Amino acid sequence: MPARLRSLSLLSAILVLMLAVWLSACSSPAAAPAPAAQPTAAPPQAAAPTQAPAAKATEAPKATEAPKATEAPKAAATQAPTAAAKAAAGSPVTGGTLKLPLGQNVDLNPIGVRTIGADYLMSVMYDGLVQTSANWETVEPDLAEKWTISPDGTKYTFNLRKGVKWHDGQPFTAADVEFTYKTFVTKAVTSRFAQALFAIKGAKDFYEGTTDKVEGIKVVDDNTIEFTLTQPNSALLTTVLSLHSIIPKHVWQDVKPEELAKPGTWEKSQIGTGPFKWSKYEPDKFLELVRFDDAWQGKPYLDKVLFVRVGTTTDAQAIALEKGELDYATVPATEMDRLGKVASLTMGEKAIYNLRFFAVNVDKPYFKDKRVRQALAYGIDRVGLCEAVLLSVCQPTNTIAPSKGLMAANLPEYKYDPTKAAALLKEAGWPANQEIELSFYYNDQLSKDYIAAVQRQLDKIGMKAKVVQLDSSAVQAYYYQDRKFDIMYGGFGIAPDLNEFAQQFVSTATWPAGANATLYKNTRVDELFAKGIQVADPAERKKVYDEVQTILADELPWVPLHLLEITYGFNKRVQNADAIARNWNRPYQWNIEKVWVSDGK
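Overview of the structure. These figures come from a predicted structure and were not determined experimentally.

It is worth spelling out the overall build of the chain at this point. For the chain, the helix and strand inventory stands at 18 helices and 19 strands. Looking at the 601 residues of the chain, the share that counts as buried comes to 61%. Within the chain, contacts between residues separated by at least 24 positions form 74% of all contacts whose residues are at least 6 apart in sequence. Summed over its atoms, the accessible surface of the chain is roughly 22,100 Å², and 49% of this surface lies on carbon and sulfur atoms.

Among the 14 residues of strand 17 (residues 558–571), 14 are classified as buried, and the element is accordingly described as predominantly covered. When strand 12 (residues 345–360) meets strand 17, the two strands line up antiparallel, connected through twelve bridges. Note on strand 17: the bridge partner recorded for Arg-356 is His-562. Pairing geometry for strand 13 (residues 394–396) and strand 17, over three bridges, is antiparallel. By the bridge assignment, Pro-396 is partnered in strand 17 with His-562.

Applying the stated criterion across every chain, the model contains 25 salt bridges. In this structure, Lys-543 and Glu-540 form a salt bridge, with 3.3 Å as the shortest nitrogen-oxygen distance. On the criterion of helical spacing, the pair formed by Lys-543 and Glu-540 is a turn pair, its members being three residues apart in helix 18 (residues 538–555). For Lys-543, a relative accessible area of 55% corresponds to the exposed category. Close ionic contact of Lys-542 with Asp-546 constitutes a salt bridge, the shortest N to O distance being 3.0 Å. Placement of both Lys-542 and Asp-546 in helix 18 is noted, with a separation of four residues, approximately one turn of the helix. Here Lys-542 falls in the partly exposed class, since its relative accessible area comes to 28%. Here the salt bridges share partners, and the residues they tie into one network are Arg-291, Asp-293 and Asp-303.

Counting through the fold element by element, Met-488 comes out in strand 16 (residues 487–493). Taking the C-alpha atoms as reference, Met-488 lies 8.1 Å from Phe-357; in sequence the two are 131 residues apart.

Quick look at helix 11 (residues 370–379) now. Owing to its 3.6 residues per turn, the α-helix aligns residues three or four sequence positions apart on the same side. For helix 11, a buried count of eight out of ten residues is recorded, marking the element as mostly surrounded by other parts of the structure. Contact partners of the buried residues in helix 11: strand 12, helix 13 (418–427), helix 14 (445–460), strand 16, helix 18 and strand 17.

Right, let's talk about the state of the cysteines for a bit. Tallied over the full model, the rule gives one disulfide. A disulfide bridge connects Cys-386 with Cys-394, and the sulfur atoms are separated by 1.7 Å. Every disulfide takes its handedness from the sign of the S-S torsion; for Cys-386 and Cys-394 that torsion is 135°, giving right-handed. Taking relative accessible area as the criterion, Cys-386 reaches 3% and is therefore assigned buried. Classification of Cys-394 by relative accessible area gives buried; the value is 6%.

Moving on, we come to the nonpolar core. Membership of the largest hydrophobic core comes to 78 residues, with the highest contact counts inside it found for Phe-158, Tyr-181, Phe-227 and Leu-241. When neighbours within four sequence positions are excluded, Tyr-181 is seen to be in contact with Leu-129, Leu-197, Ile-217, Phe-227, Leu-241, His-244 and Ile-246. Val-372, Ile-436, Ala-515 and Phe-529 belong to the second largest nonpolar core, which has 75 residues in total.

Below, the discussion takes up the sheet that holds strand 7 (residues 224–228). A sheet is described by the order of its strands in space; here four strands give the open sequence 4-5-7-6, paired in antiparallel fashion. Edge positions in the sheet fall to strand 4 (144–149) and strand 6 (217–221), since each of these pairs with one other strand and no more. Within this sheet the neighbouring strands show an average axis-to-axis angle of 20°, counted without direction. Here strand 6 runs beside strand 7; their pairing, made up of four bridges, is antiparallel. Bridged to Asp-221 within strand 7 is Thr-224. Of the strands in this sheet, strand 5 (155–160), strand 6 and strand 7 are in contact with helix 4 (residues 174–184), which crosses strand 6 at around 175°.

Right, let's get into the environment of Ser-447. Along the chain, Ser-447 turns up in helix 14. Classification of Ser-447 by relative accessible area gives buried; the value is 9%. Each C-alpha atom, one on Ser-447 and one on Leu-390, is 7.8 Å from the other, the two residues being 57 residues apart in sequence. Within polar-contact distance, the side chain of Ser-447 engages the side chain of Asp-444 at 2.8 Å.

As a further point, take the packing of helix 11 against helix 13. Helix 13 packs onto helix 11 with a crossing angle of 165° between their chain directions and a minimal axis gap of 8 Å. Our classification of the angle between helix 11 and helix 13 gives roughly antiparallel. In the crossing of helix 11 with helix 13, the sense of the turn from one axis to the other is left-handed. Here Arg-371, Val-372, Gln-374, Ala-375, Tyr-378 and Gly-379 of helix 11 come into contact with helix 13, specifically with Pro-418, Lys-420, Ala-421, Leu-424, Leu-425 and Glu-427. Of the residues belonging to the contact of helix 11 with helix 13, the class tally is seven nonpolar, two polar and three charged.

This next bit is on the packing of aromatic side chains. The final tally for this structure, using the stated rule, is 31 aromatic pairs. Plain terms: the ring middles of Phe-501 and Trp-558 are 6.2 Å apart, the flat faces sit at 75° to each other, and that makes the pair edge-to-face. One end of the pair, Phe-501, is in the loop between strand 16 and helix 16 (502–505); the other, Trp-558, is in strand 17, and 57 residues separate them in sequence. The buried category is assigned to Trp-558, whose relative accessible area is 3%. An aromatic cluster is defined as three or more aromatic residues linked by ring pairs; in this entry it consists of Trp-147, Tyr-156, Phe-158, Tyr-181, Phe-184, Phe-193 and Phe-227.

With that out of the way, let us pick up the layout of surface pockets. To locate leftover empty space, one rolls a probe as large as a water molecule over the atoms. In this structure, the largest pocket spans a volume of roughly 770 Å³. Lining the largest pocket are 37 residues, and of these Gln-195, Ala-196, Phe-198, Ala-502 and Gln-503 lie nearest its centre. Elements with a contribution of two residues or more to the lining of the largest pocket: helix 5 (203–208), helix 6 (236–240), helix 16 and helix 17 (523–532). Grouping the constituent residues of the lining of the largest pocket by class yields 19 nonpolar, 13 polar and five charged.

Reading the values: the criteria
Residues numbered from 1 in each chain as written. Predicted model: local features only at pLDDT ≥ 70, side-chain atom pairs only at ≥ 80, totals over all residues. Heavy atoms only, no water. Helix = DSSP H or I, 4+ residues; strand = E, 2+ residues; numbered from the N terminus. Buried < 20%, exposed > 50% of the residue type's maximum accessible area, 1.4 Å probe, protein only. Contact = heavy atoms within 4.5 Å. Areas by Shrake-Rupley, 256 points an atom, 1.4 Å probe, with all protein chains shown as cover. Pairing = 2+ DSSP bridges. Salt bridge = Lys/Arg side-chain N within 4 Å of Asp/Glu carboxyl O. Disulfide = S-S within 2.5 Å. Core = buried A, V, L, I, M, F, W, Y, C linked by side-chain atoms within 4.5 Å. Axes fitted to C-alpha atoms, helices over the stretch in contact; angles between N-to-C directions. Polar contact = N/O pair within 3.5 Å; in protein donor to acceptor, adjacent residues only side chain to side chain. Parallel < 35°, antiparallel > 145°, perpendicular 65-115°, else oblique. Left-handed = near helix turned anticlockwise from the far one by under 90°. Nonpolar A, V, L, I, M, F, W, Y, C, P; charged D, E, K, R; others polar. Phe/Tyr/Trp six-rings, centres within 6.5 Å; stacked < 30°, edge-to-face > 60°. 1 Å grid on protein atoms, 1.4 Å probe; cavity = no way out; pocket = protein on both sides within 12 Å on 5 of 7 lines; lining within 4 Å. Points joined across faces, edges and corners; volume = space filled by probe spheres on them.

This is how it looks when you write it as structure tokens:
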């Protein structure tokens, strides 16, 4: 890693690390490639309605009137804090606005969240049942303050917090949790979380419309709810229940499922239990949230959180950060040295569990032979591209695992070898005149340079590629729904449990219930994922997922490239920013109610 970035790492260790909001124009798929800065999963396509929790259609919650002006609400640009403010920086200051970037094509649907940007918006307005810890090693309480698991691992009983209020003052109860999870598994809602919840007894039947209730969800009383599973699921808390916003039954129960699938339904107003509540929204311009004084987490210090559009690129956000128009932004690595000299800013870099890869459409005849996919792996210089093009803000990898502790040993490294790659293509009978599409959706310059360099390397091994850059809004149809892609450069916000990859590689996890857009099929991989969630012992589970990695490293429906690092900056007026410096990939880990701005503006 360059000395410049090492010094920034040291600085960021001394100063406060702030987690990436990642609300730019794209995103990484929590279900496969998703748009850049960046969607975690492309939006689910509405499916045919089935038996839904509610039949009666009503209007969505009353819209909150957005300001007539097309500009965001006034929030003065701020530079370095005054001397007086610095002196008082250690004591919380009440008031002021935290200004964060608003991404492009942000999905505000809390039950079908497909973008990382949306995840963090939801984290400010909503709460989940549980949340993963900052280090991802444990599960922590959220709306559920404690829980018990039956000896056979099939029944989870959650004791909910008492006295929690929705933003409209109504009490939060177990009926809201039941309603939320029935909504997730309503087919017409097209939530990308649906298949992961099929572990709950009766959820799949409800999804398919063969029953009008979910047998495995039982409200015991207002503050207790039970989930009964069809079999033990060791990943349930960590990678399933930690992902979901709980929504109010009294607000949404009479809205048709088809309407809940539409983005516009959620752009009028929303009600949650989180520390900030809906105020004003103007699509592609700003979202203003205001303090919820009755938040169960405690009354926030800030008056407002303002997500504002300042541009769709990290370059534009870097300029806005420098001018004081934003309090936080991810910035290009090329700007770190210059911005590090700006007195009002603190800069840093952070390794995050986000995998970059090429997804290969194995359903295409010319990609069915694994030797072609192995040729891709040998023909791309992951190490050289990471150093020369991405400025070393990445870690080359040869597996899907997010950390060394989860990585299998003795996997093929696929060191850059264009001669071997060309030979494999020849063995597989690759047509000399075959042209493929090399698609991506990130709009930053480094990503564009990366794809251009890969195109040249593929040409060198005899694979002619046409580069196709997508708008983030086109990803759903292109990748998930119509599967037009050949090779797509994407990202995956990796979970602390490898079971989450079941949504990408299990043969039955096809869209919209799952995210296996490559149409990869391997019965042994299916068996291993089914086994992995039932094994409780960590060492035994690792053996299962080591074998999964071994098979995937050989067959390569995804060609792993590198684990991402981010470079970012925030205004020094932001205090206690470590309260939101949680894991970058997951929602419900912001303690934004504990953040304040030293100038109170």
